[in-house]
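# Results of the structural survey
Now for the letters of each chain:
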Amino acid sequence: MRPLYQHVAAELAQRITEGVYAPGARLPGVRSVARQRGVSVATVVAAYRRLEDDGHIEARARSGFYVRARRAIHAIEPECEVAASPPRLVTGQEMAMALIKAANDPGIVQLGAAVPDPDYLPTLAVARAMARVARLQRTRAAGYMMPPGAPELRRQIARRMSESGGGISADDIVITTGCQEALSLALRAVTQLGDVVAVESPAFYGLLHVLESLGLEALEIPSHPHEGMALDALAFAFERWPVKACVVVPNFSNPLGFCMPDTHKRALIGLLAKHGVPLIEDDVYGDLGFDHRRPSTCMGLAPDADIIHCSSFSKTLAPGLRIGWVAAGRHRERIEYLKYVSSIASPTVPQLAVAELLESGRYERYLREVRGKYASAVARMGDAVMKYFPEGTRVSQPQGGFVLWVELPGKIDSFELARHALKQGISIAPGPLFSASGKFRNFIRLSCARVWDERLERALITLAGLVQVR
Ligand SMILES: Cc1ncc(COP(=O)(O)O)c(C=O)c1O
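A separate point is the overall build of the chain. Secondary structure summary: the chain contains 17 helices and 16 strands in total. Oriented by its inertia axes, the alpha-carbon framework of the chain measures out at about 75 × 60 × 45 Å. Residues counted as buried form 56% of the 470 residues belonging to the chain. For the chain, restricting intrachain contacts to residue pairs at least 6 apart in sequence, the fraction spanning at least 24 positions comes to 75%.

Before going further, it helps to spend a moment on the site of the ligand. Within the structure, the ligand sits among Gly178, Cys179, Gln180, Phe204, Asn254, Asp282, Val284, Tyr285, Ser312, Ser314, Lys315 and Arg322. One nitrogen or oxygen atom from the side chain of Asn254 is found 2.8 Å from an oxygen atom belonging to the ligand. In this structure, a nitrogen atom belonging to the ligand sits 2.6 Å away from a side-chain N or O atom of Asp282. Relative to its unbound accessible surface of 390 Å², the ligand loses 91% to contact with the protein. Looking at which element gives the most residues to the shell around the ligand, the answer is helix α8 (residues 178–190), with 3 residues.

This brings us to the sheet that holds strand β5 (residues 196–201). Taken in spatial order, the 8 strands of this open sheet run β4-β11-β10-β9-β8-β5-β6-β7, and their pairing is mixed. Each having just a single partner strand, β4 (173–176) and β7 (228–229) make up the two edges of the open sheet. In this structure, β5 lies alongside strand β8 (residues 243–248), joined through 4 bridges in parallel fashion. Within β8, the position partnered with Val199 by the bridge is Val247. Its contacts with the sheet place helix α13 (residues 332–343) against β4, β10 (307–312) and β11 (324–327), and it is angled at close to 20 degrees to β4.

The end-to-end C-alpha distance of α8 is 19 Å, a good match for the 18 Å that 13 residues give at a rise of 1.5 Å each. Most of α8 sits inside the fold, with 11 of its 13 residues counted as buried.

It is worth spelling out the packing of helix α10 (residues 231–240) against helix α11 (residues 262–274) at this point. In a packed pair of helices, the relevant descriptors are the angle between the two axes and the axis-to-axis distance. Two elements in contact, α10 and α11, have axes whose closest approach is 11 Å; the angle formed by their N-to-C orientations is 5 degrees. Here α10 is positioned roughly parallel relative to α11, judged by the angle of their axes. Residues Leu231, Leu234, Ala235 and Phe238 of α10 pack against His264, Ala267, Leu268, Leu271 and Leu272 of α11.

Another aspect to go through is a nonpolar patch on the surface. Where nonpolar side chains cluster on the molecular surface, the patch consists of Tyr337, Tyr340 and Val341 and spans about 310 Å² of accessible area. Position of Tyr337 among the secondary structure elements: in helix α13. Judged by relative accessible area, which is 46%, Tyr337 ranks as partly exposed.

Here we take up the packing of aromatic side chains. Geometrically, a pair of aromatic rings is defined through the distance of the ring centres and the angle of the planes. Taken as a whole and assessed by the stated rule, the structure comprises 13 aromatic pairs. Between Phe313 and Trp325, the ring centres sit 5.1 Å apart and the planes meet at 40 degrees, which makes this aromatic pair tilted. With Phe313 in the loop between β10 and β11 and Trp325 in strand β11, this pair connects stretches of sequence that are 12 residues apart. With respect to burial, Phe313 and Trp325 carry one shared label: buried. Centre to centre, the rings of Trp405 and Phe440 are 5.5 Å apart; their planes meet at 75 degrees, and the pair counts as edge-to-face. Taken as a pair, Trp405 in strand β13 (residues 403–407) and Phe440 in the loop between β15 (429–430) and β16 (443–447) lie far apart in primary sequence, 35 residues in all.

Turning to the domain arrangement of the chain, a few remarks are in order. Reports of interface size often rely on the accessible area that becomes lost once the parts have come together. One can read the domain layout of the chain as domain 1 (4–67), domain 2 (122–363) and domain 3 (364–469). Computed from C-alpha coordinates alone, the two centres of domain 1 and domain 2 are separated by 37 Å.

On to the sheet that holds strand β12 (residues 394–395), then. Spatially, β12-β13-β16-β15 is the arrangement adopted by the 4 strands of the open sheet, whose pairing is antiparallel. Of all strands in the sheet, those with a lone pairing partner are β12 and β15, marking the two edges. Taken together, the 5 bridges between β13 and β16 define a ladder with antiparallel strand orientation. Looking at β16, one finds that Trp405 is bridged to Arg445. Along the sheet, helix α15 (residues 362–388) makes contact with β12, β13 and β16, crossing β13 at roughly 20 degrees.

About the thresholds
Residues numbered from 1 in each chain as written. Predicted model: local features only at pLDDT ≥ 70, side-chain atom pairs only at ≥ 80, totals over all residues. Heavy atoms only, no water. Helix = DSSP H or I, 4+ residues; strand = E, 2+ residues; numbered from the N terminus. Buried < 20%, exposed > 50% of the residue type's maximum accessible area, 1.4 Å probe, protein only. Contact = heavy atoms within 4.5 Å. Near = heavy atom within 4 Å. Polar contact = N/O pair within 3.5 Å; in protein donor to acceptor, adjacent residues only side chain to side chain. Areas by Shrake-Rupley, 256 points an atom, 1.4 Å probe, with all protein chains shown as cover. Pairing = 2+ DSSP bridges. Axes fitted to C-alpha atoms, helices over the stretch in contact; angles between N-to-C directions. Expected span 1.5 Å × (residues − 1). Parallel < 35°, antiparallel > 145°, perpendicular 65-115°, else oblique. Patch = residues over 30% accessible without salt bridge, like charges linked within 9 Å, V, L, I, M, F, W, Y side chains within 5 Å. Salt bridge = Lys/Arg side-chain N within 4 Å of Asp/Glu carboxyl O. Phe/Tyr/Trp six-rings, centres within 6.5 Å; stacked < 30°, edge-to-face > 60°. Domains from an automatic or database assignment.

If you want it as structure tokens, here you go:
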């Protein structure tokens, strides 16, 4: 019979493999594990030592035991130009539309759009909450929920946001139809046709398309793969161009996945304040950090600065709810009006259902589970890419979210690759979609929020084969 400590070690190892404890996460203290399992402290210490010997965890002096980061793979190295390319109008929407349409086709292996498989979403809890509010608040549910949106939802959002600092109140929040509408309203509040907007490079393509639709010019500022927007490049850009707004995704950016350190966030806020430029912060992945720590928001770090904070529940609860928000700072009245002009109101039932999920604590419980699952899914996809793709391939090292940014070796044209992959029933997001000037020709973005199965692995092998022959 196996000794008891080995049983405990095996169970914990399994939880690490399943991502319940993500790379970098601190394991619970030995006393609390001992209490929980009804075993002695010595048994847990022996189990932890075993896990340490097996390379699953590491002890840190006076701090406890942590899940080991997975083995180093060829990470995308910092490579930042100081010069930003001149501002330009965004083009190339056709490929993005093909990608977006492919996202609805169940016959296609979806590695393109950053939309989680339903298996990662709390679909049952969402369905129950929707049914409950539709039944219990029938007449209210049938009416418009005029801007700024359902008070109970705004209260819950303000409560959660205040936990990252800043003392946000429900009156600061305007409910929107997803983060995309939030970004659009924020940009409309602070810019006019033809204005220049500084964006990260690479940038989330939805943002580039919002800029295009508003007749704004994108000024691409290189993004450092660990820290985010290069501030020397931004300072240089301010000297040359009349920048009217700056948009960043500081927490688990799309596509690079870094979390901007607080010092960098503060320096960015300071630089923008110096030039009187508003910051639009997109925090849509902020709740999905692999180490279970909720990173600070720019708005939380500098509540008095000119910051508009945009987010949604699309990456966590369900994209189909279409519930997002803007914490609009000094632009609240204008944004409230623009929201009304844009779509009168966001749907009522999803607003009430999300409020209920937040209030009951179900949202937090779900987040605790899913963060580890995403950490594992990203690690697994990264390892598979390094296994199957040709020598010289490099991948990002995300700290949260669920996308991987992959640099392919040689002169591969990722647009061509995406077209061929689609013919084989696989969708990927080619790199140039993430740039207003067609950069990142040899990059692709892969969405890892997929259930790992044979079909997915085969798709990666097919993709690797296509990269090989190009
Ligand atoms: C960084 C970022 N912002 C905004 C959005 C759009 O979010 P929503 O579906 O809530 O409109 C996405 C979706 O992919 C995203 O990745």
